[in-house]
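Geometric and topological summary
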Amino acid sequence: MLTGDLARPRLKRRGDQLLIDSLPVDHARWRRTAADLIVLWREQVGRSRDEWEEAVERYLDDRVDYLTVRGLAKVLADEGRFEPPATAIDPEALRERLFASGPVFEQGDLFHPQTRAERIVAVAHELDIDAAAMEAALYADRPGAQIVTDSGPDWTPEALLTRYNLELHRSALYWSNRVEVHIYDTFKDFWRYLKLFKLMFEAQPIEGGYHVALDGPISPFVRSTTRYGRQLAAFLPALLLCQHWQMRATVYLSAFERELIYQLDHTAALTSHFVRSGDFDSQMEADFAAAFQEKLGDERGQWRLTREDEVVLLGDTVMIPDFAFTHKTDGRRALVEIVGFWHPEYLRRKLEKVRSAGRDDLILLVYESVNLSADQLRDVPGEVLYFAGKPVIKQVLAAVERCAR
Amino acid sequence: MQPMSDTLSFQGGTLVISQRPQSDPPGAPFQWIKGRWRCEGYHYPSLPRLDLRDTVPRWQRLDCMLDDTHQPHDYQQEAVAAWEQAGRRGSIVLPTGAGKTFVAIQAIHRANRSTLVVAPTIDLLHQWYARLGNALNIEIGVYYGGEKIVLPVTVTTYHSAGDLIARHGNQFKLLIFDEVHHLPAPSWGETALMSPSPFRLGLTATYPDDEEMGDGRWQIDELIGPIVYQKRVSDLVGKRLAEYRTERIRINLTDDERQQYEADFAIYAGFFRARHLRETHGAGWLRELTRLSAFEREARAALLARHRILRLLAGCAGKLAALEKLLRENIHEQILVFTESNDTVYTISRRHLIPALTHETKAAERKRLLEAFRRGEYPAIVTSKVLNEGIDVPEAKIAIVLGGTSSAREYIQRLGRVLRKTGSRKAVLYEVIARDTVDEGRAQRRRPKARAL
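About the thresholds
- Residues numbered from 1 in each chain as written.
- Chains lettered and ligands numbered in written order.
- Predicted model: local features only at pLDDT ≥ 70, side-chain atom pairs only at ≥ 80, totals over all residues.
- Heavy atoms only, no water.
- Core = buried A, V, L, I, M, F, W, Y, C linked by side-chain atoms within 4.5 Å.
- Buried < 20%, exposed > 50% of the residue type's maximum accessible area, 1.4 Å probe, protein only.
- Helix = DSSP H or I, 4+ residues; strand = E, 2+ residues; numbered from the N terminus.
- Contact = heavy atoms within 4.5 Å.
- Buried area = accessible area lost by both parts, 1.4 Å probe.
- Salt bridge = Lys/Arg side-chain N within 4 Å of Asp/Glu carboxyl O.
- Polar contact = N/O pair within 3.5 Å; in protein donor to acceptor, adjacent residues only side chain to side chain.
- Nonpolar A, V, L, I, M, F, W, Y, C, P; charged D, E, K, R; others polar.
- Axes fitted to C-alpha atoms, helices over the stretch in contact; angles between N-to-C directions.
- Parallel < 35°, antiparallel > 145°, perpendicular 65-115°, else oblique.
- Left-handed = near helix turned anticlockwise from the far one by under 90°.
- Patch = residues over 30% accessible without salt bridge, like charges linked within 9 Å, V, L, I, M, F, W, Y side chains within 5 Å.
- Areas by Shrake-Rupley, 256 points an atom, 1.4 Å probe, with all protein chains shown as cover.
- Lys, Arg positive; Asp, Glu negative; His and termini not counted.
- Charge placed at Lys NZ, Arg CZ, Asp CG, Glu CD.
- Pairing = 2+ DSSP bridges.
- pLDDT = per-residue confidence, 0-100.
- Phe/Tyr/Trp six-rings, centres within 6.5 Å; stacked < 30°, edge-to-face > 60°.

Let's talk about the nonpolar core
- The biggest cluster of nonpolar side chains holds 168 residues, and the ones touching the most others in it are A:Ile183, A:Phe190, A:Trp191, A:Val212, A:Met247, A:Tyr262 and B:Ile400.
- Per-element accounting of this core gives the leading share, eight residues, to helix 4 (residues 66–78) of chain A.

If you want it as structure tokens, here you go:
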């Protein structure tokens, strides 16, 4: 991610709005800069972080847009890998040894007969290593001495500029204290990443989706903390996985001496580098959808099958059932959750969620191979259907007819 | 299945009751937020009795041996006793140099519970690390940007305390804030609010008055407890007198250096003259120059010229030669070499094979270096900005400053603490500056206040 000082010059204010001065991806000058930097970066494999930073400064020369160029360089380096160089001896142990007998000088004198060169040779001899290798090891544990071992993704100028723009938008969120979003799809990934970045949420259903306010545990108790800015920034690419969304953040930048509004939606020219989960979490879910499609898909039957389109809100967590059945004419709905092969602890949590949901329109399809006794499922509010092999669509539909509301 | 009993847990600086429905309020201070009953961590010791499974405390006993040969002063013992009497909550106010760290060590040892110490700077963090490790004879954790190791006794900075407390706040029964007058700052007070630690100790020489805490956000009394013990300078010992003299050494740039310097200075000074930056922006001139450099080519050129000048002056041949001469002359004394340029520190370290101490040096190596220097095993150390105000720098007879910073306060406090006379011989501070360069101006700005010593 970009540091605040690199991002700041491209954050602007208009009225009470925070605007982000993105780089034009199709601009010839920026494309050339990006292309130059990519070449420069690929040449660094095997060289040190210090050498890379010097190379960037040389490339910059006296350009006034140096903070932007340094930002582009940081995006490249952040996606690469740096490792400490291999050394003939542990650097700290070497320093302890080499510095033990006080200052030395290039020329000896009466009081300091041993010269620097002589000390180096003597200690190298004692340690039985090469003198040049020993000099190289002396400060090899400094951050600047780390070696580029992998230059990361196969960048194109366009990809670099696009990614830079994403990082710029992320950095605006460092100073945010509250983010509110409207989302209309991709609920599962959205909540999966929320959990991953340890953010808290408050969600309410709205027409076709959810209004979700994001912050952290201490936020409700203090006035506008920016403690979770880094987590909110880290989360932004997850929002970009959704097809249709809007975001509104309140941001406090000391330079502007006031709280600003920062808004973004799905029309922004940004792409996520986060991985979207596959269509189905398990083969059982895929099989179920395929079986339904084969028997009752498209125009046939009274029910339409959709995937993870409803979020059951459970206080500080959510449950997102695998499928929903919607009646084509009267709009009645029932939810379906498939319980396949899972770890006992996962099952326990899942059942806890089902119970606290208290929804009698929620149907559990349990594979008999699952280690769940009928006893454990007794006080589940909706219906529970057991199947030895594949769920029988006819039986499921009968349950849907009974439970839908 | 039996319904699970309600559980009280620690979550990111808050206390949360699981299961309990909205219809069954547990009473203040809990509030119904995001589907759970919640409150701030700091309410933990004063919560009403609730029928819950309490998973909050993860603190532990220390059972370590105190290994500190210092005999406590009366006032130090009184301070600890007063704090204990007050239920191990509250602040102790003692003048600088009166041994606040020592008081804290006594308090930790007597409380015998896992402790988090919050210090204002990384330098002070390192000092606490060394002092606690020596006195308690256990391994000490450090948590800041560079290292993150959480142990039963851990030291962190105000800056990193929020992250640490959000994750591990319930592992510490005692929470100590060094220089507690910093606590009212907006994001720093939050840390005390997030912690469930029942024992709290604030240390400072200057307790802020109500007006300074005036934006109404955090009151130290509320977060830490009241002042439990206070002593003024006049109550203790007399002021220490200066124990060193200053010698200034002027060196010449080489012809090449002079040529480069003049060329860069012309660019830099030219821009300043044309723009009257000092007149229009006063002390903020450098920030303004940096701002302008992002869109004006002349400003960018001036900023680059300034960087080149500073780099040239930090490592110029004359200074390195003068340093070599001073090292040779004073080889039997303990010598501290200061330069504000990190690169120059490592150049000197390599050149003379003496230890370097910078912000890159990790806590354990730093502690080892300073202790070896104190024992006289290392006659010389070269360092950048890290040996600062309030740090336990070992005593030295000779300080050599190459360049140095323009901050008069830092300069005086840094050296006043380092240099001690032995017998009748005063310690010496050598200041090495380049003749006819900005060094002279920078040194001049330091002089008037330096005389106040």
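Quick notes on the interface of chain A and chain B
- Of the residues lining the interface, 50 residues belong to chain A; the matching set on chain B comes to 55 residues.
- Buried area between chain A and chain B, both sides added, is near 4600 Å², and the carbon and sulfur share of it is 53%.
- A:Arg230 is the partner of B:Asp163 in a salt bridge, and the nearest nitrogen-oxygen pair spans 3.1 Å.
- Put simply, chain A and chain B have 17 residue pairs in polar contact (both at pLDDT 80 or more) between them.
- Those elements that provide at least two residues to the side of chain A that touches chain B are helix 4, helix 5 (91–98), helix 6 (116–127), strand 6 (200–206) and helix 12 (344–357) of chain A.
- With four residues, helix 5 of chain A is the single largest residue contributor to the side of chain A that touches chain B.
- Of the residues that constitute the side of chain A that touches chain B, the class distribution is 22 nonpolar, six polar and 22 charged.

Things to note about the packing of helix 11 (residues 317–329) of chain B against helix 12 (residues 342–352) of chain B
Residue and element names in this part refer to chain B.
- Where helix 11 meets helix 12, the closest approach of the two axes is 12 Å, and the angle between their N-to-C directions is 50 degrees. As the angle between them shows, helix 11 and helix 12 are arranged oblique. Crossing of helix 11 against helix 12: the hand is right-handed. Contacts between helix 11 and helix 12 involve Leu320, Leu323, Glu324 and Leu327 from the former and Ile348, Arg351 and His352 from the latter.
- Within the contact of helix 11 with helix 12, the residues separate by chemical class into four nonpolar, one polar and two charged.

Some remarks on a negative patch on the surface
- Where like charges cluster on the molecular surface, the negative patch consists of A:Asp50, A:Glu51, A:Glu53, A:Glu54 and B:Asp343.
- Looking at the negative patch, the element that brings in the most residues is helix 3 (residues 49–60) of chain A, giving four residues.
- With respect to the helices and strands, the residue A:Glu53 is situated in helix 3.

What to know about the sheet that holds strand 3 (residues 31–33) of chain B
Residues and elements named next belong to chain B.
- One open sheet accounts for five strands, arranged 3-4-2-1-5; its pairing is mixed. Edge strands, defined here as strands with exactly one partner in the open sheet, are strand 3 and strand 5 (53–54).
- As paired strands, strand 3 and strand 4 (residues 36–40) are joined by three bridges and run antiparallel to one another. Each bridged residue has a counterpart across the sheet, and for Gln31 the counterpart in strand 4 is Arg38.

Considering the packing of helix 11 (residues 283–296) of chain A against helix 13 (residues 393–403) of chain A
Residue and element names in this part refer to chain A.
- Between helix 11 and helix 13, the least distance of the axes is 11 Å, while the angle of their chain directions is 90 degrees. What the angle tells us is that helix 11 and helix 13 run roughly perpendicular. Note on element contacts: helix 13 touches helix 11 through Ile393, Val396 and Leu397, opposite Phe288, Ala291, Phe292, Lys295 and Leu296.
- Residue classes in the contact of helix 11 with helix 13 are distributed as seven nonpolar, no polar and one charged.

Some remarks on the confidence of the model for chain B
Residues and elements named next belong to chain B.
- On average, chain B scores 83 in pLDDT, and the residues at 70 or more come to 83%.
- Contacts from residues 446–453, a stretch scored under 50 in pLDDT, to residues over four places away or in other chains number 13 contacts.
- For this predicted complex, the interface confidence score (ipTM) comes to 0.78, while the overall pTM stands at 0.81.

Details of the packing of aromatic side chains
Residues and elements named next belong to chain A.
- Taken as a whole, this structure holds 23 aromatic pairs over all chains when the rule is applied.
- Aromatic pair Trp41 and Phe82: ring centres 6.0 Å apart, planes at 45 degrees, arrangement tilted. Here the residue Trp41 occupies a position in helix 2 (residues 28–42), and Phe82 occupies one in strand 3 (residues 81–83), the gap between them amounting to 41 residues.
- Look at Trp41 and you get buried, because its relative accessible area is 0%.

Description of the sheet that holds strand 16 (residues 384–387) of chain A
Residues and elements named next belong to chain A.
- Strand order in this open sheet of five strands is 10-13-14-15-16, and the pairing throughout is mixed. The two strands at the open ends of the sheet, each matched to only one other strand, are strand 10 (303–307) and strand 16. Recorded for the sheet is a direction-independent mean angle of 25 degrees between the axes of neighbouring strands.
- Direction of pairing for strand 15 (residues 362–367) relative to strand 16: parallel, over a ladder of four bridges. Opposite Tyr367, over in strand 16, you have Phe387 as the bridge partner.
- Against the sheet, helix 12 makes contact with strand 14 (333–339) and strand 15, and its axis sits at roughly 165 degrees relative to strand 14, the strand it touches most.

A few points about the pairing of strand 5 (residues 176–183) of chain A
Residue and element names in this part refer to chain A.
- Across seven bridges, the pairing between strand 5 and strand 8 (residues 245–253) is antiparallel. In the strand pairing of strand 8, Val181 is matched with Met247.
- Of the pairings in the sheet, the one linking strand 5 to strand 7 (residues 209–215) comprises five bridges and is antiparallel in character. What sits directly across from Ile183, in strand 7, is Tyr210.

Thoughts on the side chain of B:Thr358
Residues and elements named next belong to chain B.
- The topology assignment puts Thr358 in the loop between strand 16 (356–357) and helix 13 (363–374).
- Exposure remark for Thr358: the relative accessible area of 0% places this residue in the buried category.
- Within polar-contact distance, the side chain of Thr358 engages the side chain of Tyr346 at 2.9 Å.
- In this structure the side chain of Thr358 is engaged in a polar contact, spanning 3.0 Å, whose partner is the backbone nitrogen of Glu360.

Here's the deal with the pattern of salt bridges
- In total, this model carries 57 salt bridges over all chains according to the counting rule given.
- Among the ionic pairs, A:Lys74 bridges to A:Asp78, the shortest N-O distance being 2.8 Å. Taken as a pair, A:Lys74 and A:Asp78 lie in helix 4 at a separation of four residues, close to a single helical turn.
- Owing to a relative accessible area of 24%, A:Lys74 belongs among the partly exposed residues under this scheme.
- According to the relative accessible area criterion, A:Asp78 is partly exposed, its value standing at 39%.
- The closest approach of N and O atoms between B:Arg291 and B:Glu288, which form a salt bridge, is 3.1 Å. On the criterion of helical spacing, the pair formed by B:Arg291 and B:Glu288 is a turn pair, its members being three residues apart in helix 9 (residues 285–292).
- Salt bridges sharing partners connect three or more residues here, namely A:Asp309, A:Glu310, A:Arg333, A:Arg359, A:Asp360, A:Asp361 and A:Arg405.

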